[in-house]
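Chain and residue survey
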Amino acid sequence: MDKQLLVDYTVFEVSPQAINESLTQNNGKLIVSGVLQRAEAKNQNGRVYPKETLMREAKKYSQEFIAERRALGELDHPDSSVVNLNNVSHNVLDMNWKGND
């Protein structure tokens, strides 16, 4: 089976106050929250994923990557699904559902 890179993005809106609070409360680390994926809605690739499918994949991602602190990502959707460690910009620490988000 060929693997395809999923390209989607959601802008994280963080205020200067939230940045200062996060840095103060997290030993200088900036922690932000936002929507990683939305079920039952068209994404930037024009695809609509059923919530059941995303829930299954999110569970696997949590167990295989987040729990092992390997949920790394790069900015600006690289051409490859392989994360270049020189370009890591973030590490997903937790993931949960809020409605279809």
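The structure this text deals with has already been given above.
Residues numbered from 1 in each chain as written. Predicted model: local features only at pLDDT ≥ 70, side-chain atom pairs only at ≥ 80, totals over all residues. Heavy atoms only, no water.

Things to note about the overall build of the protein chain
Scanning the protein chain for helices and strands turns up two helices and two strands. Its helices and strands taken in sequence order, the protein chain reads α-α-β-β from the N to the C terminus. Per-residue burial for the protein chain yields a buried fraction of 12% across its 101 residues. For the protein chain, the proportion of contacts with a sequence separation of at least 24, taken over those separated by at least 6, is 47%. (Helix = DSSP H or I, 4+ residues; strand = E, 2+ residues; numbered from the N terminus. Buried < 20%, exposed > 50% of the residue type's maximum accessible area, 1.4 Å probe, protein only. Contact = heavy atoms within 4.5 Å.)

Concerning a nonpolar patch on the surface
Taken together, the side chains of Val14, Leu23, Leu30 and Val32 define a hydrophobic patch exposed on the protein surface, amounting to about 280 Å² of accessible area. With respect to the helices and strands, Leu23 occurs in helix H1 (residues 16-25). (Patch = residues over 30% accessible without salt bridge, like charges linked within 9 Å, V, L, I, M, F, W, Y side chains within 5 Å. Areas by Shrake-Rupley, 256 points an atom, 1.4 Å probe, with all protein chains shown as cover. Salt bridge = Lys/Arg side-chain N within 4 Å of Asp/Glu carboxyl O.)

A word on the environment of Met95
Relative to the helices and strands, Met95 is located in the segment after strand E2 (88-91). For Met95, a relative accessible area of 26% gives the class partly exposed. Once the C-alpha coordinates of Met95 and Val35 are considered, the two residues, 60 residues apart in sequence, prove to be 9.3 Å apart. With residues near it in sequence (within four places) discarded, Met95 still touches Leu36, Ala58, Tyr61, Ser62 and Ile66.

Some remarks on unusual backbone geometry
A negative phi holds for most residues other than glycine; trans holds for most peptide bonds. A positive phi angle is found at Glu40, which is not glycine, with a value near 60°. For Glu40, the location among the structural elements is in the loop between H1 and helix H2 (51-66). Classification of Glu40 as partly exposed rests on a relative accessible area of 48%. A positive phi angle, close to 55°, is found at Arg69, a residue other than glycine.

Some thoughts on the side chain of Asn43
Tracing the backbone through its elements, the reader meets Asn43 in the loop between H1 and H2. Only 2.8 Å separates the side chain of Asn43 from the backbone nitrogen of Asn45, close enough to count as a polar contact. (Polar contact = N/O pair within 3.5 Å; in protein donor to acceptor, adjacent residues only side chain to side chain.)

Re the pattern of salt bridges
Scanning the entire structure with this criterion turns up four salt bridges. Note that Arg56 and Glu57 form a salt bridge whose closest N and O atoms lie 2.9 Å from each other. Accessibility expressed as a relative area gives 49% for Arg56, which makes it partly exposed. Glu68 serves as the salt-bridge partner of Arg70, at 2.9 Å between the closest nitrogen and oxygen. What makes Arg70 partly exposed here is its relative accessible area of 43%. A relative accessible area of 48% places Glu68 in the partly exposed class. One connected set of salt bridges, linked through shared partners, spans Arg56, Glu57 and Lys60.

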